Amino acid sequence: MSLFKARDWWSTVLGEKEEFDQGSLCVADVDNSGSGQDKIIVGSYMGYLRIFNPHPVKPGDEVQPEDLLLEVQLREPILQVEVGKFVSGTEGLHLAVLHCRKLCVYAVSGTLGNVEHGNQYQIKLMYEHNLQRTACNMTYGPFGGVKGRDLICIQSMDGMLMLFEQESYAFGRFLPGFLLPGPLTYSSRTDSFITVSSCRQVESYKYQVLAFATDAGERQETEQQKHSSGKRLAVDWVLNIGEQALDICVVSFDQAVSSVFVLGERNFFCLKDNGQIRFMKKLDYSPSCFIPYCSVKEGTINTLVGNHNKILNVYQDVTLKWAAQLPHIPVSVKVANLQDLQGVIVTLSDDGHLQCSYLGTDPSVFQAPRVESREMNYEEYDAEMKKLQKIIKEATITQDILPRSEKQRDLIVTAEVSPDLDAESQAIDSEVKAEAVPSVTVKITIQSRVTARKPNLAVCVQAPLAVTCDQFVFDDLEPDSSETVDLSVFLKGNCLPSELEGNCFVSYDIATELNPEGIPKVTQCNFRLPLRLICFPAQPSKAANHKLTIDTNKPPVSFLTIFPDFADVTEEDQANVLGFWFLSGSKTTLLASKTSQRYRIQSDQLEDLWLITKELTLRLEEHFKKQNCKDFACSFSGSIPLQEYFELIDRHFELRLNAEKFQELLSARAVQFRAIERRLLTRFKDKTPAPLQHLDTLLEGTFREVIALADAAQENQANVFQAFTKLRSATHLVIMLISLWQKLSTDQVAILEATFLPLAEDTQELGWEETVDAAISYLLKTCLSKSSKEQALTLSTELSMPKDTSRLKKNITLFCDRLAKGGRLSLSTGSATEQAAVIPGGCTTIPESDLEERVVILGSTQMLPNHGQIVKQKLKPGLSEDVAEEAEKP
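The numbers attached to residues start from 1 for each chain and follow its sequence in the written order. Local features in this predicted model are restricted to residues whose pLDDT is 70 or higher, and side-chain atom pairs enter the listing and the counts only when it is 80 or higher, whereas totals over whole chains, interfaces and linings include all residues. Side-chain figures throughout are based on the complete set of non-hydrogen atoms in the structure, without hydrogens or water.

Let us now look at helix H11 (residues 806-820). Numbering of helices and strands runs from the N terminus, with a helix taken as a DSSP run of H or I at least four residues long and a strand as a DSSP run of E at least two residues long. For a helix, the expected span equals 1.5 Å multiplied by the residue count minus one. Helix length check: H11, at 15 residues, gives a terminal C-alpha distance of 21 Å against a target of 21 Å (1.5 Å per residue), a fit within 8%. With a 1.4 Å probe rolled over the protein chains alone, any residue whose accessible area is under 20% of its type maximum counts as buried; one over 50% counts as exposed, and the rest are partly exposed. Among the 15 residues in H11, 11 count as buried, and that is most of the element. Regarding H11, the residues found buried are Leu808, Asn811, Ile812, Thr813, Leu814, Phe815, Cys816, Asp817, Arg818, Leu819 and Ala820. Count one or two residues on from H11 and you reach glycine 822, which has phi positive near 110 degrees.

Right, let's get into the pattern of salt bridges. A carboxyl oxygen of Asp or Glu within 4 Å of a side-chain nitrogen of Lys or Arg is what we treat as a salt bridge. Counting across every chain of the model gives 25 salt bridges. Note that arginine 528 and glutamate 622 form a salt bridge whose closest N and O atoms lie 2.9 Å from each other. Of this pair, arginine 528 sits in strand S37 (residues 519-528) while glutamate 622 is found in helix H5 (residues 609-626), placing the two residues 94 residues apart along the sequence. Taken together, the shared-partner salt bridges connect Arg528, Asp565, Glu615, Arg619 and Glu622 into one network.

The next thing to look at is the packing of aromatic side chains. Aromatic rings from Phe, Tyr and Trp, taking only the six-membered ring of Trp, are treated as a pair when their centres fall within 6.5 Å; an angle between ring planes under 30 degrees marks them as stacked, one over 60 as edge-to-face, and anything in between as tilted. For the structure shown, the criterion picks out 20 aromatic pairs. A ring pair is formed by phenylalanine 86 and tyrosine 140, whose centres lie 5.4 Å apart and whose planes are at 85 degrees; its orientation type is edge-to-face. One end of the pair, phenylalanine 86, is in the loop between strand S7 (80-84) and strand S8 (94-98); the other, tyrosine 140, is in strand S11 (residues 135-141), and 54 residues separate them in sequence. Overall, phenylalanine 86 belongs to the buried group, its relative accessible area being 1%. Relative accessible area serves as the criterion here: at 29%, tyrosine 140 is assigned to the partly exposed category. For the ring pair phenylalanine 261 and phenylalanine 279, a centre distance of 6.2 Å and an interplane angle of 70 degrees mean the geometry is edge-to-face. With phenylalanine 261 in strand S20 (residues 259-264) and phenylalanine 279 in strand S22 (residues 277-282), this pair connects stretches of sequence that are 18 residues apart. Each member of the pair phenylalanine 261 and phenylalanine 279 is classed as buried. Grouping aromatic residues by their ring pairs yields a cluster made of Phe143, Phe171, Tyr186, Phe193 and Tyr207. Here arginine 532 stacks its cationic end above the ring of phenylalanine 566, 5.6 Å away from the centre of that ring. By the criterion adopted, a ring carries a charge over it if an Arg CZ or a Lys NZ lies within 6 Å of its centre and within 35 degrees of its normal.

Turning our attention to the sheet that holds strand S17 (residues 201-206). In space, the 4 strands of this open sheet follow the order S15-S16-S17-S18, with antiparallel pairing throughout. If you trace the sheet from one side to the other, it starts and ends with strand S15 (184-187) and strand S18 (237-240), each paired once. Neighbour-to-neighbour, the strand axes of this sheet turn through a mean angle of 20 degrees, independent of strand direction. Being paired, for any two strands, means DSSP has found at least two bridges between them. Bridge analysis of strand S16 (residues 192-196) against S17 gives 5 bridges, and the strand direction is antiparallel. Paired with threonine 195 across the strands is glutamate 203, a residue of S17. A fitted line through C-alpha atoms represents every axis, and for helices the fit uses only the stretch in contact; the resulting angles, taken between N-to-C directions, go from 0 to 180 degrees.

These figures come from the coordinates and say nothing about function on their own.
What follows is the structure in structure tokens.
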């Protein structure tokens, strides 16, 4: 970081959303005023030409209208501006403007004003040349040693040098071995053109050699050109610098040797006229522009080098003399004489920040004011001290790592999901085999209260759901402005998602007085997708492999009320039974009891029960909330389907094992393939031919095996993803059933979710099985431990893929058993010793019994019902067998 900043003498911002580059800036006495004061000429890619004559009253003053002498919009983008003696018959300075297909030379003149509006300036076109080839850059000088005038050389995008003797075209020559254009300059001392080719070589061409070389009428040399009288273009000298050059500058001062300066991507070089290196400087930053200028020390040259860190470095030969901070990244830098002030640094950024600055520091002119004698109001000071102490105390009490959310946020993002599906589906590349894949529109609005820089919006939905566009980049948002985008969400994969929720994240920067570069901030919001996105109404099914019964404390609600988007009002049967047909091909049935306060969900797949169960509980809560019913609650008294859950775990783990096997087989076949290739290459390189001994057949067979294994591994990876998605859905279902069964609090449910759903994405290096096993083991040895002896056991800190899932299934079964016997989830260190205060009934420790060992051996259908009945008998001793049997009926 720089110790000093470049002192702002005069600055302005050019236009709106205009772009500038290295050739866009030039300083010279373009209006031939004869005062020796330079004017600043700026041309933009939008075609605007501006001429400034800054004269602030004091450094840092705002731009005055009279500072802008001329502003005119030309028809084409301006690539480069230069000032020289370009008109014959006069030695006055004229302005050359290079467009893509045109070179224009203007005369700039001013008319003395008689009123307060000041002088008037205008440009007059002296002549123009229409170019046959697209131009890249240009240089000028007294080519061939002419006196009193400057000629112009234009380099085209295809490597042709076009030379103009003022109003007439002279000749054109192609550079040999050309690929891409590079920087170009002219050395009057050696009468040669210097450029950097695509071979990363500095090349010099004599003007006389260019003049007598073969005419470049065509790019390809014909036989007639080969036998013509002209000579082939030959290079004068070449120097390989090993990197691409950003700019070239030739300097010749009285107290220093004439030199050629080349700015590379990581070095800048100083060369002699014959191409030998005088010195070079390795840069530890990425440069953006440079300009050599005269030094006060004999035999040395000063150089200004700007970089992408907004630093302007001043070198005397290779010694760093000064470093100054700039407010922008310069793409062009010049040294000018403005208002009798010599050595003003003029910088231009790519977005139009033009600044005139000088180096050094400003003297302090601050004088301490006189202290006024006044009486001290101790009561006022005492109240202020108490107020400050209160603020300090509140700040030290909070333990939050992140700052508190403000009442009025700087930027608010909201997401509104359309109540209806899209009339025309926006699904793209969906793998779903259904006839029609629906989509729903989500409208996201960003409202900014302050100036938000570079806001980026990211929209995330859980696979296999997808969005039509997940990334949006906006321009800077002004205060009290907003942006709105529409996108569509659809089911892309041929399986069901585990959640019908999405997230929106907006990252942006806010500038402050202490940090003008901007403080990064993030704002987010969630949105809920409709169930109709993944399923549609269907006929209910009577038979199913998996059934769940959810109990409530309120009378059953008609499905016509809570599922109006699925139930048909004309069908009275749908008041108590509904069918859902998922796009993946499975079916789920929802039934409401007519006599009891129960709902049954049934399906052939365990994982398909989750989304319908969650949707049912959410809609029931919303229904009773609208009726101002605050005591509505759901419960579950059935058996936790652990056996079916374990089957999904085994399926997922088996596919992970297959992925490891495929990886090992692929590695072995790849080693074999490379070994056969090496032997074949040895045979082919041998000067004495030898029989291949069926190595080519073996190579082809190995290649086919590699391709087949790669296809199988890819298919297995897709199966792993589907199995993990199904496992996540089943895990969500198990978490909900446990929370309803044990009536867990919100904090305990959060611990349960963090334990069973630690990973958003499953990988071979870190999989679901080992992560969940470690989390459950931690809970079993802390808050769910039976004694202090169990708490003293150390846990393994290394996570690796297990050999099988027996330990995981045993820990899950033991976890549910200890919850059934009164254990409670807590992350506090003293949770095991505080169970008596937390658990109703004063359960200090979980009693030892051989029931846990039996639970592991028995199936899940006999396991948790027994525990559930044990808990119910403890809490409700008067529960009769008839009521218990009724609880098992839908």
